[in-house]
Every structure is written in C-alpha cells, then in structure tokens.
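# Coordinate inspection notes
Below, each chain spelled out in residue letters.
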Amino acid sequence: MANRVQIPTNNSALIAMIADEDTVTGFLLAGVGNVDLRRNTNYLIVDSKTTVKAIEDAFKEFTTREDIAIVLISQYVANMIRFLVDSYNKAVPAILEIPSKDHPYDPAHDSVLSRVRYLFSSESVSSGRR
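Residues numbered from 1 in each chain as written. Predicted model: local features only at pLDDT ≥ 70, side-chain atom pairs only at ≥ 80, totals over all residues. Heavy atoms only, no water.

For the protein chain, an unreviewed UniProt entry supplies the name V-type proton ATPase subunit F and the organism Spirodela intermedia. In its Subunit (unreviewed entry) section, UniProt records this for the protein chain: "V-ATPase is a heteromultimeric enzyme made up of two complexes: the ATP-hydrolytic V1 complex and the proton translocation V0 complex." (UniProt positions renumbered as here; feature names shortened; annotations may be inferred.)

Now the structure itself:
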C-alpha cells in the first residue's frame, strides 16, 4: 500500500479528452472542459485534418500535466498512436479508451483490458487455478 500514487489535492484534478468533435462536445457540455490562463485546453478535437504528430503531442502533454487525473481517448484515435498508449505505464493520469459514435468499441485493441487479461492469466497460471 506504500506504493500508491497520490493525486495532487491542492487543485481539482481534470479529465483530458482526445476524441472526435461529437464526443468532445458531449463531455464539454457535461462540464469537463477547462482553459487555463495561457489558453491551454484539456482536450483535442480530432478530425480528418488532425495529424498523428498533433495527437502524439497532445497525448504527451496530457500525460505529463500535474493537474490531469484521467485521459479519455477514443479508441480509433488511440489506434493511431498505439505505440504510445501501450508503452504508457503510469497510474496517474489513467488512460481510458472509449468508443465514439462512428467507431464502436473493440475490446481486442484496448490496452487496459489486455493488461488486465495478462495479469489474470499469469496469476492463474502461477497459482495453478483456471
């Protein structure tokens, strides 16, 4: 229990979004959006003109910011930067892949679910249970 990661409590923690316009708009209407004094936002709207480099940069920025606790990323966008999502191994901010309106959720590509499956399969193998 000593290895628990603490979320900074001096300010409220934010949820960051990397997704299509409809998904981001829905979360913004729910109150997730934030713009700081430097005009930095906690979301990136991905469309056909958005480059993979811009998605990579937003992912790296959101995962290194101290005020972000969760990064929600559409699964089809996560597939564009799969190498970054799969290599990310910190607990905070947590990376959660979500479906979008035009791209249904595919559990075979979810990095969190694959890690859970791996942990349970190695645990069950080492303990002799199935």
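Attention now moves to the nonpolar core. Within the largest apolar cluster, 20 residues are counted, with the highest numbers of intra-cluster contacts made by Ile18, Phe59 and Ile73. Of all the secondary-structure elements, those providing two or more residues to this core are β1 (14-19), α2 (52-64), β3 (68-74), α3 (75-80) and α4 (82-87). In this structure, isoleucine 73 is in contact with Ile18, Phe59, Ala78, Ile81, Ile95, Leu96, Glu97 and Ile98, ignoring residues within four places of it in sequence. By size, the runner-up hydrophobic cluster in this structure holds six residues, among which are Ala19, Val32, Leu72 and Ile98. (Core = buried A, V, L, I, M, F, W, Y, C linked by side-chain atoms within 4.5 Å. Buried < 20%, exposed > 50% of the residue type's maximum accessible area, 1.4 Å probe, protein only. Helix = DSSP H or I, 4+ residues; strand = E, 2+ residues; numbered from the N terminus. Contact = heavy atoms within 4.5 Å.)

Strand order in the open sheet formed by four strands is β2-β1-β3-β4, and the pairing between neighbours is parallel. Every other strand in the sheet has two partners, leaving β2 (43-45) and β4 (94-98) as the edge strands with one partner each. Strand after strand, the sheet turns through a mean of 20 degrees between neighbouring axes, direction not considered. One ladder, built from three bridges, connects β1 with β2; its direction is parallel. Counted as the bridge partner of alanine 19 is isoleucine 45 from β2. Seen against the sheet, helix α1 (residues 21-29) touches β1, β2, β3 and β4 and runs at an angle of roughly 160 degrees to β1. In the packing of α2 onto the sheet, the strands contacted are β1, β2, β3 and β4, and the crossing angle to β1 comes to about 170 degrees. (Pairing = 2+ DSSP bridges. Axes fitted to C-alpha atoms, helices over the stretch in contact; angles between N-to-C directions.)

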